[in-house]
Amino acid sequence: MDDSVFHRLYEQYHQDIFNFLIYLTGDRTQSEDLMHEVYIRVLRAYSGFEGKSSEKTWLFSIAKNVAIDHFRKKSVRQKHHFDKFDWEQSELVSGGSTPDELLSLNEDMKQLLSVLNTCTGDQKMVIVLRYFQELSIAETAETLGWTEGKVKTTQHRAIKALQKKMNALSEEGGS
């Protein structure tokens with residue numbers, strides 16, 4: 001891989017990839033470590049990049065895989081056995097602090113991010129990619145290696161779950 005290509009990819013996409021990882025992990029330090037792993041994989045794999053997808057979706061795909069690997073390893077370490085980490089069913093509840101920008105967010109957004117952490121991993125990734133990273137349904141499907149139908153279904157279920165949980169929080173606060 002040419003240094004100029006690597007620098008261009010880094011400069012163009014590092015902030016989006018970093019934000020994506022922060023939303024998934026909720027931990028700045030962990031996200032920085034994962035960013036290093038993403039770009040190590042980019043260096044190793046770029047020669048095999050065929051251009052069938054955009055560079056952006058290819059990078060998000062690598063970041064997604066790095067995050068999945070991280071949560072699998074973390075799950076195994078916490079349980080001290082080798083049970084399969086069920087990405088689709090497990091909740092990604094981040095133990096660390098939320099992104100720095102959270103300080104300036106309004107209460108509704110803080111509640112939304114908190115509730116988002118209770119969604120399944122698939123739901124959280126779709127919401128982050130679609131609404132925080134502003135990827136299209138096609139780009140999200142490409143990033144996750146899914147069909148567009150699965151993205152739409154997961155998005156629909158995630159939004160319903162988020163609405164239900166947000167409404168429950170509103171009722172608790174209003175009672």
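Calculation notes
Residues take numbers from 1 onward in each chain, read along the sequence in its written order. Only residues with pLDDT of at least 70 are given local features in this predicted model, and only at 80 or more are side-chain atom pairs given and counted; all residues enter the totals for whole chains, interfaces and linings. To obtain the side-chain values, all non-hydrogen atoms of the structure were used and water was disregarded. Only runs of H or I of at least four residues qualify as helices and only runs of E of at least two qualify as strands under DSSP, and these elements are numbered from the N terminus. Take the residue count of a helix, subtract one, and multiply by 1.5 Å to get its expected span. The classification of residues rests on relative accessible area computed with a 1.4 Å probe and restricted to protein chains. Under 20% of the type maximum is buried, over 50% is exposed, and intermediate values are partly exposed. When checking whether two residues touch, look at their non-hydrogen atoms; a contact exists if any pair is within 4.5 Å. To obtain each axis, a line is fitted to C-alpha atoms, and for helices this fit is confined to the stretch in contact; angles are then taken between N-to-C directions over 0 to 180 degrees. Crossing handedness: left-handed means the near helix sits turned counterclockwise from the far one by under a right angle, and right-handed means the same turn made clockwise. Gly is placed with the polar residues, together with every amino acid not listed as nonpolar (Ala, Val, Leu, Ile, Met, Phe, Trp, Tyr, Cys and Pro) or charged (Asp, Glu, Lys and Arg). Directions pointing from the helix axis toward each C-beta atom define the arc.

Peer 1: Mind laying out helix 5 (residues 121-132), listing which residues take part and the relevant values?
Peer 2: Taking 1.5 Å as the rise per residue, helix 5 with twelve residues should run 16 Å; its terminal C-alpha atoms sit 15 Å apart, in good agreement. For helix 5, the tally of buried residues reaches ten of twelve residues, placing the bulk of the element in the interior. Residues Gly 121, Asp 122, Gln 123, Lys 124, Met 125, Val 126, Ile 127, Val 128, Leu 129 and Arg 130 constitute the buried set of helix 5. Remark: Glu 134 follows helix 5 within two positions and exhibits a positive phi of approximately 60°.

Peer 1: Just give me the short version of the side chain of Ser 61, but keep the residues and values in it.
Peer 2: Looking at the element boundaries, Ser 61 is found in helix 3 (residues 55-79). Of the residues examined, Ser 61 reaches a relative accessible area of 17% and is grouped as buried. Each residue touching Ser 61, except ones within four places of it in the same chain, is listed here: Glu 142 and Thr 143.

Peer 1: Summarise the packing of helix 1 (residues 3-25) against helix 5; cite the residues concerned and give the values.
Peer 2: In the contact formed by helix 1 and helix 5, the axes pass within 10 Å of each other and the chain directions differ by 145°. Between helix 1 and helix 5 the crossing geometry is right-handed. Across from Phe 20, Tyr 23 and Leu 24 in helix 1, the residues of helix 5 making contact are Lys 124, Met 125, Val 128, Leu 129 and Phe 132. Class assignment of the residues belonging to the contact of helix 1 with helix 5 gives a composition of seven nonpolar, no polar and one charged.

Peer 1: Residues and numbers for the environment of Tyr 131, please.
Peer 2: Its location among the elements puts Tyr 131 in helix 5. A relative accessible area of 42% places Tyr 131 in the partly exposed class. Ignoring anything within four residues of it in the chain, the contact list for Tyr 131 reads Gln 155 and Ile 159.

Peer 1: How would you explain helix 4 (residues 107-116) if you had to name every residue and give the values?
Peer 2: Within helix 4, burial applies to Leu 113, Val 115 and Leu 116. Each buried residue of helix 4 sits inside an arc of 165° when the element is viewed along its axis, so together they form one side.

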